[in-house]
Amino acid sequence: MTDLDRAILKACEDAGARPPKIVHYANCTAVKFRNGDGQPVLITLDPGTSPEAAAHKIAQTFKVKAENQPSEQALRKLTE
């Protein structure tokens, strides 16, 4: 297990996500986990990404941001 793998696992654990699926490809590392809403998320990390940068990207992706939530008006338009 690499330092990057350890950082990914720790970042997901710290965020409250179940252990992610990590797949290493020649041109990226793919990390699949569920975000704070329980939706599946796939992020890719470029080769040479530092463990700290990977942990930061996972933490940012996991967070649910209020500004991304639809307004009541937008929801009404979708359900009418």
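Heads up: the structure comes first, above all this text.
Please read these numbers as outputs of a predicted model, since none were measured by experiment. (Residues numbered from 1 in each chain as written. Predicted model: local features only at pLDDT ≥ 70, side-chain atom pairs only at ≥ 80, totals over all residues. Heavy atoms only, no water.)

### Quick notes on the pattern of salt bridges
For the record, the criterion: Here a salt bridge means any side-chain nitrogen of Lys or Arg lying within 4 Å of a carboxyl oxygen belonging to Asp or Glu. Helix and strand definitions here come from DSSP, where helices need a minimum of 4 consecutive H or I residues and strands a minimum of 2 consecutive E residues; each element is numbered from the N-terminal end. Under the scheme applied here, a residue whose accessible area is under 20% of the maximum for its type counts as buried, over 50% as exposed, and between as partly exposed, the area being computed with a 1.4 Å probe on protein chains only.
Inspection of every chain in the model, using the stated rule, returns 2 salt bridges. Among the ionic pairs, R6 bridges to D3, the shortest N-O distance being 3.1 Å. Residue R6 and its partner D3 are both found in helix α1 (residues 3-15); the two are separated by 3 residues, about one turn of the helix. Given a relative accessible area of 44%, R6 falls into the partly exposed group. Across the salt bridge formed by K10 and D14, the nearest N and O atoms sit 2.9 Å from each other. Of this pair, K10 and D14 both sit in helix α1, 4 residues apart, which is roughly one turn of the helix. Assessed through its relative accessible area of 54%, D14 is described here as exposed.

### Remarks on the side chain of T29
Here is the rule we go by: The criterion used for residue contact is that any of the two residues' heavy atoms lie within 4.5 Å.
The topology assignment puts T29 in strand β2 (residues 29-34). The residues contacting T29, other than those within four sequence positions of it, are L4, I8, I22, V23, H24, I43, T44 and L45.

### Comments concerning the pairing of strand β1 (residues 21-24)
Defined as follows: Whether two strands pair comes down to DSSP finding at least two bridges between them.
The pairing of β1 with β2 spans 4 bridges and is classified as antiparallel. Paired with V23 across the two strands is A30, which belongs to β2. What sits between the antiparallel neighbours β1 and β2 is a turn of 4 residues.

### Some points on the nonpolar core
Within soluble globular proteins, side chains that are nonpolar tend to cluster in buried spots. The line we're drawing: The nonpolar core is taken to be a set of buried Ala, Val, Leu, Ile, Met, Phe, Trp, Tyr and Cys residues, with the residues joined through side-chain atoms within 4.5 Å.
Counting 13 residues, the largest nonpolar core has I8, V31, F33, I43, L45 and I58 as the members making the most contacts within it. Elements with a minimum of two residues in this core: α1, β2, β3 (40-45) and α2 (51-62). Examining the composition of this core, we find that 4 residues originate from one element, α1, more than from any other.

### Considerations on the sheet that holds β1
The pairing of strands in a sheet comes from backbone hydrogen bonds and takes either a parallel or an antiparallel form. Inclusion rule: Here an axis means a line fitted to C-alpha atoms, over the contact stretch when the element is a helix, while the angle between two N-to-C directions is reported on a 0 to 180 degree scale.
Read from one edge to the other, the open sheet built from 3 strands follows the order β1-β2-β3, with strand pairing classed as antiparallel. Edge positions in the open sheet fall to β1 and β3, since each of these has one partner strand only. Recorded for the sheet is a direction-independent mean angle of 15 degrees between the axes of neighbouring strands. Contacts between α2 and the sheet are confined to β2 and β3, with β3 contributing the most and set at about 155 degrees to the helix.

By themselves these figures say nothing about function.
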